[in-house]
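Fold and contact review
Spelled out, the chains give:
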Amino acid sequence: PALDASTYRDVDLPAPTRGRKRMKQYIRNQMIPLSTHKSCLTLFLKLDTPFYWLPDALVGKIANLICNKFSQKINECNKGWETSEFKRRLDSGPRAAYYDEIRRRIEAKLQRDTLC
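Residues numbered from 1 in each chain as written. Predicted model: local features only at pLDDT ≥ 70, side-chain atom pairs only at ≥ 80, totals over all residues. Heavy atoms only, no water.

Taken as a whole, this structure holds seven salt bridges when the rule is applied. Lys87 serves as the salt-bridge partner of Asp91, at 2.5 Å between the closest nitrogen and oxygen. Here the residue Asp91 and the residue Lys87 both occupy positions in helix H2 (residues 85-92), the gap between them amounting to four residues, near one helical turn. The closest approach of N and O atoms between Arg104 and Asp100, which form a salt bridge, is 2.5 Å. (Salt bridge = Lys/Arg side-chain N within 4 Å of Asp/Glu carboxyl O. Helix = DSSP H or I, 4+ residues; strand = E, 2+ residues; numbered from the N terminus.)

Taken as a whole and judged by the stated rule, the model has two aromatic pairs. Between the aromatic rings of Tyr98 and Tyr99, the centroid separation amounts to 5.2 Å while the plane-to-plane angle is 70 degrees, which identifies the pairing as edge-to-face. Take Tyr98: its relative accessible area is 44%, and that puts it in the partly exposed class. Across from the ring centre of Phe44, 5.0 Å away, lies the NZ or CZ of Arg28, which sits over that ring. The positively charged end of Arg95 is found above the aromatic ring belonging to Tyr98, 4.6 Å away from the centroid. (Phe/Tyr/Trp six-rings, centres within 6.5 Å; stacked < 30°, edge-to-face > 60°. Buried < 20%, exposed > 50% of the residue type's maximum accessible area, 1.4 Å probe, protein only. Lys NZ or Arg CZ within 6 Å of the ring centre and 35° of its normal.)

Tracing the chain through its elements places Ser6 in the segment before strand E1 (7-8). Spatially, the C-alpha atoms of Ser6 and Ile106 are 40 Å apart, while their sequence positions differ by 100 residues. When residues no more than four places from it in sequence are discounted, the contact partners of Ser6 are Val11, Asp12 and Leu13. (Contact = heavy atoms within 4.5 Å.)

Okay, structure coming up:
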């Protein structure tokens, strides 16, 4: 949505708290399985800040901080995966069949790659 939007897809957006500004971001993640216990995560992050005067180097540092925080959260999620709400939702939530198909596709890809 636009930075000054008050709704998005029929959901009311709260106004930013005092002293804060909204920032538009585009994030794309790509996870590539390398083996049964290893994968490569690539993050692409684009920030459109309301601060047009910020140097690109500073925006890059902010993006790096965001990516590092995201990486930390992924690692925390992975450490507690077996007892997490995320695993429960994948296994038995309303989209369990979809995630099961994704799991089968990843396992098939890993089998093809390890047989070569």
